[in-house]
Structures are given as C-alpha cells and as structure tokens.
Amino acid sequence: MSEFLPFRKSLTKEQAESLTELLGVYNIEYELIKFKSSLDTNFGGGEVFPKYEIHLQSKDFEKVASLITASVQDNLESIPKDHYLFDFTNHELYDILLKPDEWGEFDYLLTQKILKDRGETINLELINSLRRQRIDDLSKPEQSQKIWIYTGYFTSVFGGLLGVFIGWYMWKATKVLPNGEKVSTYSESDRKHGRNMLIIGSITFPIAFILRFSPELLGM
C-alpha cells in the first residue's frame, strides 16, 4: 500500500473542504488530518482556529496540483482589488513565482495575472527552470548540526535517552519535496552519526538504568 505524504498544510476548514471536494470528483485517495490550534486550550478546549492537512500519495502530487490550477484559473477575474497581493512590489511577486510551494497555486496564478496587468513579461520557461532548481536545492541535506552531534554522542555514551532520540531522528528523518518525492533530511555522514548514537545509546541506557535503580542485581 502506497504511503500518504503531506501535500498541503495549515489549511482552513473552508480550504480543506474545497480541496477534498475536488479530490472526490476525480476519485483521488487522500487523508484529511485535523490539528487543534494552540489557542483552543486557552478558550476552554473549544475549537477556535483548527488547521487541516491533506495527505496524498506521491504519484498524485503533480496531477492534483494541475487540477487545482485549472480550478483556480476560472476565478481569478473576480478577485477583489483589496487582496493583499496587489500591494506587493514586482520584486516580491517574482519571489512568489520562484517559491510556489510556500504560497500555493492560487497565489501563484494571481501573481502571474498581477504582473501581466502591470505590463511585465513572464518567461515561464525560465520560471519552470528555476522551480526545478529550487526542488534540487530543497532536496539537498540540511546543514550539519555539530552541536546536536556532540550532544547526541555525549548523552548516548552516558546512557541518556536524549542521545537515543537524537540518533534515531538524525538517522531516519525525511522531508517531502513539492513534487511528492521523499528524501532524507540529513546527509549520509550525519545519518551514520545518528545510527551510531542509536546503537551506543541502546547499549548504555539499559546498563545505566540497572546501575541507577537495581544495584542489588549486581551484588552492590
């Protein structure tokens, strides 16, 4: 069975309902996940600003993105002029075109319309090339975090669970790219460090636990 990966995050209820309705029309499988806002607790546990995530199979990412684009395209002419994107400078709008994964299809398409209305020429071939470059950049491993490596080894050697958790995370952490591809978050070198921490911690933690809580088992 194919794994479901995050496709859209931090959606409002209305946005989630609109997207799931579109997915239902085309019989595309999805998972809808609801998160409570941190404000909910402050208001007696009632739901104030819940957020939603839509998860899809990676094979459907590009197809759904195209469906959303087609759906949004028909509504661009009716967007009121007080929409916040109309206040953006051309430089800020071009930045949206280069990072559509941070904005979504609606803002991406509206940005193109605003720029064209301002007389700007949009080279879609260049934009697409830069978007591919952005995916390549996003797929690169995160910068090595030396402090976490040192902390992980130190706590692993001395039997701390923190080292086990750090090791497991660095070894197994992944991220999902805008095209649905899942890649490792950290470099192969950092992942090896993580695996080493996990192995060391898995050995030292039981020993530390016994020494701390059951010295009688060792005749002490």
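These figures come from a predicted structure and were not determined experimentally.

Colleague: Is there a simple way to think about the side chain of Asp107 in this case?
Modeller: Within the secondary structure, Asp107 is located in helix H5 (residues 105–117). Buried within the structure, Asp107 lacks any salt-bridge partner; its nearest side chain of opposite charge belongs to Arg8, at an N-O separation of 10 Å. One polar contact links Asp107 to Tyr84, side chain to side chain, over a distance of 2.8 Å. Beyond its immediate stretch of four places on either side in the chain, Asp107 contacts His83, Tyr84, Leu85 and Ile96.

Colleague: When you look at the packing of helix H8 (residues 161–172) against helix H9 (residues 188–213) in this model, what are you seeing that I'm missing?
Modeller: Two packed helices can be described by the angle between their axes and the distance between those axes. At a minimum axis distance of 7 Å, the contact between H8 and H9 shows a crossing angle of 150°. With respect to their mutual orientation, H8 and H9 come out roughly antiparallel. Of the two elements, H8 crosses H9, and the hand of that crossing is left-handed. From H8, Leu161, Gly163, Val164, Ile166, Gly167, Trp168, Met170 and Trp171 reach across to H9, where they touch Asp190, Arg191, Gly194, Arg195, Met197, Leu198, Gly201, Ser202 and Phe205. Here the contact of H8 with H9 is built from residues that sort into 9 nonpolar, 5 polar and 3 charged.

Colleague: How should I be thinking about the packing of helix H3 (residues 61–73) against H5 in this particular structure?
Modeller: Direction vectors running N to C along H3 and H5 enclose 50°, while the axes themselves pass 9 Å from each other. In terms of orientation, H3 lies oblique with respect to H5. Classified by chirality, the crossing of H5 by H3 is right-handed. Between H3 and H5, the contacting residues are Ala65, Ile68, Thr69, Val72 and Gln73 on the first element and Glu105, Phe106 and Leu109 on the second. The residue inventory of the contact of H3 with H5, partitioned by class, reads 5 nonpolar, 2 polar and 1 charged.

Colleague: Even after reading the chapter, I still don't get the sheet that holds strand E3 (residues 51–57), so can you show me in this structure?
Modeller: Pairing between the strands of a sheet comes from backbone hydrogen bonds, and it takes one of two forms, parallel or antiparallel. Read from one edge of the open sheet, 3 strands run E1-E3-E2, paired in antiparallel fashion. Each edge of the open sheet is held by one strand with a lone partner, namely strand E1 (4–11) and strand E2 (31–35). Averaged over all neighbouring strand pairs, the angle between strand axes comes to 25°, with direction disregarded. Where E2 lies against E3, 5 bridges are found, and the strand directions are antiparallel.

Colleague: Whenever I open this one, the layout of surface pockets confuses me. Can you help?
Modeller: The gaps of empty space that remain are located by a probe, the size of a water molecule, rolled over the atoms. Of the voids in this model, the largest pocket is the one considered here, and its volume is about 1600 Å³. Secondary-structure elements contributing two or more residues to the lining of the largest pocket are E1, helix H1 (13–25), H3, H5 and helix H6 (124–139). With 8 residues, the top contributor of residues to the lining of the largest pocket is H3.

Colleague: Explanation requested: the packing of aromatic side chains in the structure shown.
Modeller: The relation between two aromatic rings is expressed through the spacing of the ring centres and the mutual angle of the planes. Throughout the structure, instances matching the rule amount to 5 aromatic pairs. Here the aromatic rings of Tyr84 and Phe88 are separated by 6.0 Å at their centres, their planes lie at 55°, and the arrangement is tilted. Ring pairs connect the aromatic residues Tyr84, Phe88 and Trp103, which therefore count as one cluster. The lysine or arginine in question, Arg131, covers the ring of Tyr108, its NZ or CZ lying 4.9 Å from the ring centre. Just above the ring of Trp171 sits the side chain of Lys172; from NZ or CZ to the centre is 4.2 Å.

Colleague: Would you mind showing me how to read the pattern of salt bridges here?
Modeller: Opposite charge on two side chains allows them to pair when their charged atoms are near. Counted according to the given criterion, the structure contains 8 salt bridges. For the salt bridge of Asp137 with Lys140, the shortest nitrogen-to-oxygen distance reads 3.6 Å.

Conventions adopted
- Residues numbered from 1 in each chain as written.
- Predicted model: local features only at pLDDT ≥ 70, side-chain atom pairs only at ≥ 80, totals over all residues.
- Heavy atoms only, no water.
- Helix = DSSP H or I, 4+ residues; strand = E, 2+ residues; numbered from the N terminus.
- Buried < 20%, exposed > 50% of the residue type's maximum accessible area, 1.4 Å probe, protein only.
- Lys, Arg positive; Asp, Glu negative; His and termini not counted.
- Salt bridge = Lys/Arg side-chain N within 4 Å of Asp/Glu carboxyl O.
- Polar contact = N/O pair within 3.5 Å; in protein donor to acceptor, adjacent residues only side chain to side chain.
- Contact = heavy atoms within 4.5 Å.
- Axes fitted to C-alpha atoms, helices over the stretch in contact; angles between N-to-C directions.
- Parallel < 35°, antiparallel > 145°, perpendicular 65-115°, else oblique.
- Left-handed = near helix turned anticlockwise from the far one by under 90°.
- Nonpolar A, V, L, I, M, F, W, Y, C, P; charged D, E, K, R; others polar.
- Pairing = 2+ DSSP bridges.
- 1 Å grid on protein atoms, 1.4 Å probe; cavity = no way out; pocket = protein on both sides within 12 Å on 5 of 7 lines; lining within 4 Å.
- Points joined across faces, edges and corners; volume = space filled by probe spheres on them.
- Phe/Tyr/Trp six-rings, centres within 6.5 Å; stacked < 30°, edge-to-face > 60°.
- Lys NZ or Arg CZ within 6 Å of the ring centre and 35° of its normal.

Function cannot be inferred from these measures alone, as they are strictly geometric.
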